[in-house]
Amino acid sequence: MYNAGYETQEQSKWLSNNPLGTIFTIEMADDGSVIASDYAYGCCWVFATYGAPGLAAWQNSLDGFHPVSGNRRFGLRDNGDGTYTFFTQGVDRLTGWWHILADATPFVNAFDDADQLWVCLLGHIKEIVEERQGSVSNVYEIQKCRPLLPEYNEFLYERCNDDPADLFESPCGN
């Protein structure tokens, strides 16, 4: 991941007390940017996918379109016993028709590829913690919920006026 052509400015913003608006480009097959869209000191931050300005060959972006559009929340939770839990939560969908088309081939599985990315990230975090003489559990609690869109839309419409807690009972597909 690198800062999208504004390295000094973006790095200063990211390292400040208010990192909102920091833009990062993620190097991948169809490069894409994310922007820090929320931040709570001592808790977490949120990245949202972002269409970088400019004009590339066949796209209106300096760095391509992120293959998924959505939000990703990261945080470090103090467990109160001297240990911490790193977590990430996200909601996203495939961005463009070309991503949907590629995902329909036997060569691409966007969400399985993303799962591998997050497991890789956990492995890197483990390496960093252990290099600093810390320890990391080998048990990762990974929960995935991939609702099927028609069923999820029906679920939301049915519960529009109900208790918001019911939203955590959403239908999930594989």
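This text follows the structure it describes.
Trainee: Outline the overall build of the chain, supporting the account with residue identities and numerical values.
Mentor: Across its full length, the chain holds four helices and five strands. Counting from the amino terminus, helix and strand elements in the chain follow one another as α-β-β-β-β-β-α-α-α. The 174 residues of the chain split such that 22% are buried. Put simply, of all contacts in the chain between residues at least 6 apart along the chain, 39% involve residues at least 24 apart.

Trainee: Kindly report on the sheet that holds strand E2 (residues 32-40), identifying the contributing residues and their values.
Mentor: What the five strands build is an open sheet, ordered E1-E2-E3-E4-E5; its pairing is antiparallel. The open sheet has two edge strands, strand E1 (23-26) and strand E5 (84-94), and neither has a second partner. Strand after strand, the sheet turns through a mean of 25 degrees between neighbouring axes, direction not considered. Bridging between E1 and E2 involves four bridges; their strand directions are antiparallel. Paired with Ile23 across the bridge in E2 is Ile35. Strands strand E4 (68-78) and E5 of the sheet are contacted by helix H3 (residues 110-131), whose axis makes an angle of about 160 degrees with E5.

Trainee: I'd love a proper account of the pairing of E2, names of residues and values included.
Mentor: Of the strand pairs in this sheet, E2 and strand E3 (residues 44-50) are connected by seven bridges, and their pairing is antiparallel. Note on E3: the bridge partner recorded for Tyr39 is Trp45. Taking the residues between adjacent antiparallel strands as the criterion, E2 and E3 are bridged by three residues, where Gly42 takes a positive phi near 75 degrees.

Trainee: Could you give an account of the packing of aromatic side chains, with specific residues and numbers?
Mentor: Considering all chains together, one arrives at seven aromatic pairs under this definition. Here the aromatic rings of Trp14 and Phe24 are separated by 5.2 Å at their centres, their planes lie at 85 degrees, and the arrangement is edge-to-face. In this pair, Trp14 sits in helix H1 (residues 7-14) while Phe24 sits in strand E1, placing the two residues ten residues apart along the sequence. Accessibility expressed as a relative area gives 27% for Trp14, which makes it partly exposed.

Trainee: Mind laying out the environment of Lys13, listing which residues take part and the relevant values?
Mentor: Checked against the element boundaries, Lys13 lands in helix H1. Lys13 gets classed as partly exposed once you look at its relative accessible area, which sits at 25%. Placed ten residues apart in sequence, Lys13 and Ile23 show a C-alpha to C-alpha distance of 9.3 Å. When residues no more than four places from it in sequence are discounted, the contact partners of Lys13 are Asn18, Pro19, Leu20, Gly21 and Thr22.

Trainee: Which residues make up the pairing of E4, and what values go with them?
Mentor: Where E3 meets E4, five bridges bridge the pair, whose relative direction is antiparallel. Across the sheet, residue Cys44 finds its bridge partner in E4, namely Gly75. As paired strands, E4 and E5 are joined by eleven bridges and run antiparallel to one another. The residue of E5 that forms the bridge with Arg73 is Gln89. Between the antiparallel neighbours E4 and E5 lie five residues, among them Gly80 with a positive phi of about 80 degrees.

Conventions adopted
Every chain's residues receive numbers from 1 upward, in the order its sequence appears when written. In keeping with the predicted nature of the model, local features appear solely for residues at pLDDT of at least 70, side-chain atom pairs appear and are counted solely at 80 or more, and the whole-chain, interface and lining totals rest on all residues. Excluding hydrogens and water, the side-chain figures rest on all heavy atoms present in the structure. For helices the rule is a DSSP run of H or I covering at least 4 residues; for strands it is a run of E covering at least 2, with both sets numbered from the N terminus onward. Categorising residues by exposure relies on relative accessible area from a 1.4 Å probe, with only protein chains included: less than 20% of the type maximum marks a residue as buried, more than 50% marks it as exposed, and the intermediate range marks it as partly exposed. The contact rule is simple, with two residues in contact once any of their heavy atoms fall within 4.5 Å. Two strands make a pair as long as DSSP finds a minimum of two bridges between them. Lines fitted to C-alpha atoms define the axes here, with helix axes fitted over just the stretch in contact, and angles between the N-to-C directions of these axes take values from 0 to 180 degrees. Each Phe, Tyr or Trp ring, with Trp reduced to its six-membered ring, pairs with another whose centre is within 6.5 Å; inter-plane angles below 30 degrees give stacked pairs, above 60 give edge-to-face pairs, and intermediate values give tilted ones.

Treat this as a map of the structure, not an account of what it does.
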